[in-house]
Structures are given as C-alpha cells and as structure tokens.
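For reference, the chains in residue letters:
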Amino acid sequence: MAELEHQLAQVRQERDEYEQIVQRAPALISRLTPDGRVVYTNTTCERIIGYKLEEVIGQELLPILYPGELMEPVKEYLRIAAEGGDVQDYELALRTRDGELRTLTWNSFHRFGPDGELLEVVSLGVDVTARKASEAAHQRLQEQIIAMQAAALVALSTPLIPISKGVVVMPIIGSIDEERARQIMETLLSGISRSQASTAILDITGVATVDQGVAHALLQAARAARMLGAQVVLTGIRPDVAQTLVSLGTHLEGIVTRGTLESGIAFALARERAGTKE
C-alpha cells in the first residue's frame, strides 16, 4: 500500500509539473474536436486572445477569432487539416477579444484513437505580431533608403550646371532608360524654369549607346525646353552617334548640334552676349 501511494504521489507530481509547463508555455496551445469545438486551451491563450478556458470550452472558437474576411485563410488551413496533413508555420491573423489584430504562426498535428478515428487537432500558435511589425518597419526603412540612394545617384549622374546667367549644361553619362529619360526631362525643365536660362546644353559625350529610345528621349527634352523659351544645344555627337541618328531618321530641327562641349559652350555664350547687346 505504501509503495502504491508513493507511485500515485509521483504521478500527481509529474501531472502538476506537466500542467505548469503547458500552462506557462510561450505558445498558445489548443485542443479542438474534429468539428472545431474547444477541448482545452492554456493560459497563454487567455493572455493573447483575451478568452478564458471556461468561456470557450465546448464552443466553436474559430468564428470568434476569425470574423469576416479573416476566415478565408483559415479555410485553407482547415482543408489541409481535414486531409490528415499536419500544418507547419502557417500564419493567420486573428481578432482578439479587445478587437486587436494579431498574427500567429501555427503548427498542428492530429491525435487519433485506437481504431484510427480522428479525436483531436492539437495546435501550437506563436504570437509573431511584434516581429512582423518590426520586419515591416525595417522593410519600409530599407525601401526609403534605397529610394533616397537611387534619387541621389540619379541626381549626381545628371546634374544641371549653370555656366552663366542664361546658360546651363547637363552632361549625361551612362545609359538612358525610360526612368532616366523622365528624370532628365524633369531636371532640365525645372532648372530652366528656375534659372530662366535661354540656352540649355545637353552633352552626350558620356552616353555609351544612342539608339532610337535615347534619340526620342533627347528630342522630347529639347522640344519641352523650347516650350519654356530655351534654345537646346546638343554636344558630344561622335561620328558613330551621328551615323546612328541618320540611320534612325532622327530629325533634329530646332536643335543646334556641336561636336564638343567646349564648342557648344562657346556658341551659347556668344548667343548670350548677342542677346544682351540687343
């Protein structure tokens, strides 16, 4: 009898220790019947979602935690579970008793009876709301930094340099894509408007390849500048670039062309002096 009592005391101690471990676990632990009714939840469940065990025992908890559109992702979760598959690292957003939206990562497994019938679905949910918010904030910061760096790089690669009161120069270096063409246009027009320049020099000495897209972008920029009253001077036209423009049938009416940036500046300054005398 004493030995039996000793063994019973050990079993009770192990049960108490197990209950303390489960109750204090950082993960939400729940046991649901196949039709979704609550068999058990630990105290972490109360801390996260605000419902005590006695309030939800025997109740269908999913419609409470996942109202409206939140239930859609749960349906896929239930489909996997219904097919007998265990679910791993499945993120679901739920609505707490206080109306707060929280994200949990779920892992679940099935408990079967001796005859193979499904008895319970045991799920462990880890609250990752704070981590997700931190990751989202970090992602936004990274995107802002990248955008700022890109803007700074573009600004440095297409500066608008004032030569005199009425003359500005834009040296273009590298390749020109659609985004770069848009930025060139904006920088050129805002600079002309701000400085009231009468002559704008676009120097393409540093442009490696001039194709139809580049030629179109340059023409668009020149026409827009002319609408603001500025004469456009295109410099840095190498022999191969000239051949390309001719082969593309590009018409440069209204645009003054010069072979070098120096000759383009000389033309612009002479034009400015002539205009001042008049």
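Preceding block: the structure.
Residues numbered from 1 in each chain as written. Predicted model: local features only at pLDDT ≥ 70, side-chain atom pairs only at ≥ 80, totals over all residues. Heavy atoms only, no water.

Trainee: Lay out the overall build of the protein in plain terms, naming residues and giving numbers.
Mentor: Within the protein one finds 10 helices and 10 strands. Per-residue burial over the protein gives 35% buried out of 278 residues. Long-range contacts, defined as pairs at least 24 residues apart, comprise 51% of the intrachain contacts of the protein with a sequence gap of at least 6. (Helix = DSSP H or I, 4+ residues; strand = E, 2+ residues; numbered from the N terminus. Buried < 20%, exposed > 50% of the residue type's maximum accessible area, 1.4 Å probe, protein only. Contact = heavy atoms within 4.5 Å.)

Trainee: Please set out the sheet that holds strand 6 (residues 161-164) residue by residue, giving values where relevant.
Mentor: Strands sit in the order 6-7-8-9-10 across an open sheet of five strands; the sheet is mixed. What marks the edges here is a single partner per strand, and that holds for strand 6 and strand 10 (255-258). Averaged over neighbouring strand pairs, the angle between their axes works out to 25° when direction is ignored. Here three bridges tie strand 6 to strand 7 (residues 167-173), and the two strands are oriented antiparallel to one another. Of the residues in strand 7, the one forming a bridge with Ser-164 is Val-167. Each of strand 7 and strand 8 (199-206) is contacted by helix 7 (residues 178-195), which is oriented at about 165° to strand 7, the strand it contacts most. (Pairing = 2+ DSSP bridges. Axes fitted to C-alpha atoms, helices over the stretch in contact; angles between N-to-C directions.)

Trainee: Break down the sheet that holds strand 3 (residues 87-95) for me, with residues and values.
Mentor: Taken in spatial order, the five strands of this open sheet run 2-1-5-4-3, and their pairing is antiparallel. Edge strands, defined here as strands with exactly one partner in the open sheet, are strand 2 (38-41) and strand 3. Strand-to-strand, the axes of this sheet are offset by a mean angle of 30°, without reference to chain direction. The pairing of strand 4 (residues 101-112) with strand 5 (residues 118-127) spans nine bridges and is antiparallel. By the bridge assignment for strand 5, Trp-106 is matched with Gly-125.

Trainee: Give me the lowdown on the layout of surface pockets, citing residues and values where you can.
Mentor: Considering only enclosed or pocket space, the largest pocket measures out at about 380 Å³ in volume. Residue lining of the largest pocket: 25 residues in total, with Leu-32, Leu-62, Tyr-77, Leu-78 and Val-121 positioned closest to the centre. Contributing elements (two or more residues each) for the lining of the largest pocket: strand 1 (28-32), helix 2 (43-49), helix 4 (62-65), helix 5 (71-82), strand 3, strand 4 and strand 5. Ranked by the residues each element gives to the lining of the largest pocket, the list is headed by helix 5, at four residues. (1 Å grid on protein atoms, 1.4 Å probe; cavity = no way out; pocket = protein on both sides within 12 Å on 5 of 7 lines; lining within 4 Å. Points joined across faces, edges and corners; volume = space filled by probe spheres on them.)

Trainee: Any details on the pairing of strand 4? Residues and values, ideally.
Mentor: Put simply, side chains in a regular strand alternate between the two faces of the sheet. The sheet contact formed by strand 3 and strand 4 spans seven bridges and is antiparallel. Each residue of the ladder has a partner; that of Arg-95, found in strand 4, is Leu-101. Adjacent in sequence and paired antiparallel, strand 3 and strand 4 are bridged by five residues, among which Gly-99 carries a positive phi angle near 90°. Hairpin connection, strand 4 to strand 5: the antiparallel pair is bridged by five residues, and Gly-116 has positive phi, about 90°.

Trainee: Break down empty space enclosed by the protein for me, with residues and values.
Mentor: Under the criterion given, the structure shown has two cavities of 30 Å³ or more. One number sums up the size of the second largest cavity: a volume of about 30 Å³. Lining of the second largest cavity is provided by Ile-176, Ala-181, Ile-184, Ala-217, Leu-218 and Ala-221. Those elements that provide at least two residues to the lining of the second largest cavity are helix 7 and helix 8 (212-227). For the lining of the second largest cavity, the class distribution of residues is six nonpolar, no polar and no charged. (Nonpolar A, V, L, I, M, F, W, Y, C, P; charged D, E, K, R; others polar.)

Trainee: Can you explain helix 8? Please cite residues and give values.
Mentor: Over its 16 residues, helix 8 extends 23 Å from the first C-alpha to the last, a length consistent with the 22 Å expected when each residue adds 1.5 Å. Those residues of helix 8 that are buried are in contact with strand 7, helix 7, strand 8, strand 9 (231-235), helix 9 (239-247) and strand 10. (Expected span 1.5 Å × (residues − 1).)

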